[in-house]
Amino acid sequence: MECPVCSTQDVIEIHHRLPDGSEVSFFTCDRCEEKWWMQGDEGLTLEEVLGRSRRPQ
Ligand SMILES: [Zn+2]
């Protein structure tokens, strides 16, 4: 994975499983501190991740 901002490959990837069972990856860049989320090849916004992290009523 390459940072979308500074293009370095020094990024840290952390896997998360959301309460709905989906697997997402959190990335953080070592150089510019950009942070982003992906599910498979799809980018996720923080709002989407937080929305899915809420347990259904
Ligand atoms: Zn970066």
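Before any of the text, the structure's been laid out above.
Note that the structure is predicted; figures quoted are calculated from it, not measured. (Residues numbered from 1 in each chain as written. Predicted model: local features only at pLDDT ≥ 70, side-chain atom pairs only at ≥ 80, totals over all residues.)

## Side note on the pairing of strand S2 (residues 23-29)
Okay, step 1: Where strand S1 (residues 11-17) and S2 come together, seven bridges link them in antiparallel fashion. Bridging across to S2, His-15 finds its partner in Ser-25.
Okay, step 2: Hairpin connection of S1 to S2: five residues between the antiparallel strands, including Gly-21 at a positive phi of 95°.
Okay, step 3: The sheet contact formed by S2 and strand S3 (residues 35-39) spans four bridges and is antiparallel. Residue pairing for S3: Ser-25 is matched across the bridge by Met-38. (Pairing = 2+ DSSP bridges. Helix = DSSP H or I, 4+ residues; strand = E, 2+ residues; numbered from the N terminus.)

## A few points about the sheet that holds strand S4 (residues 42-44)
Okay, step 1: In spatial order, the strands read S1-S2-S3-S4; together these four strands make up an open sheet with antiparallel pairing. The strands lining the two open edges of the sheet, one partner per strand, are S1 and S4. Strand-to-strand twist in this sheet, taken as the mean axis angle between neighbours without regard to direction, amounts to 35°. (Axes fitted to C-alpha atoms, helices over the stretch in contact; angles between N-to-C directions.)

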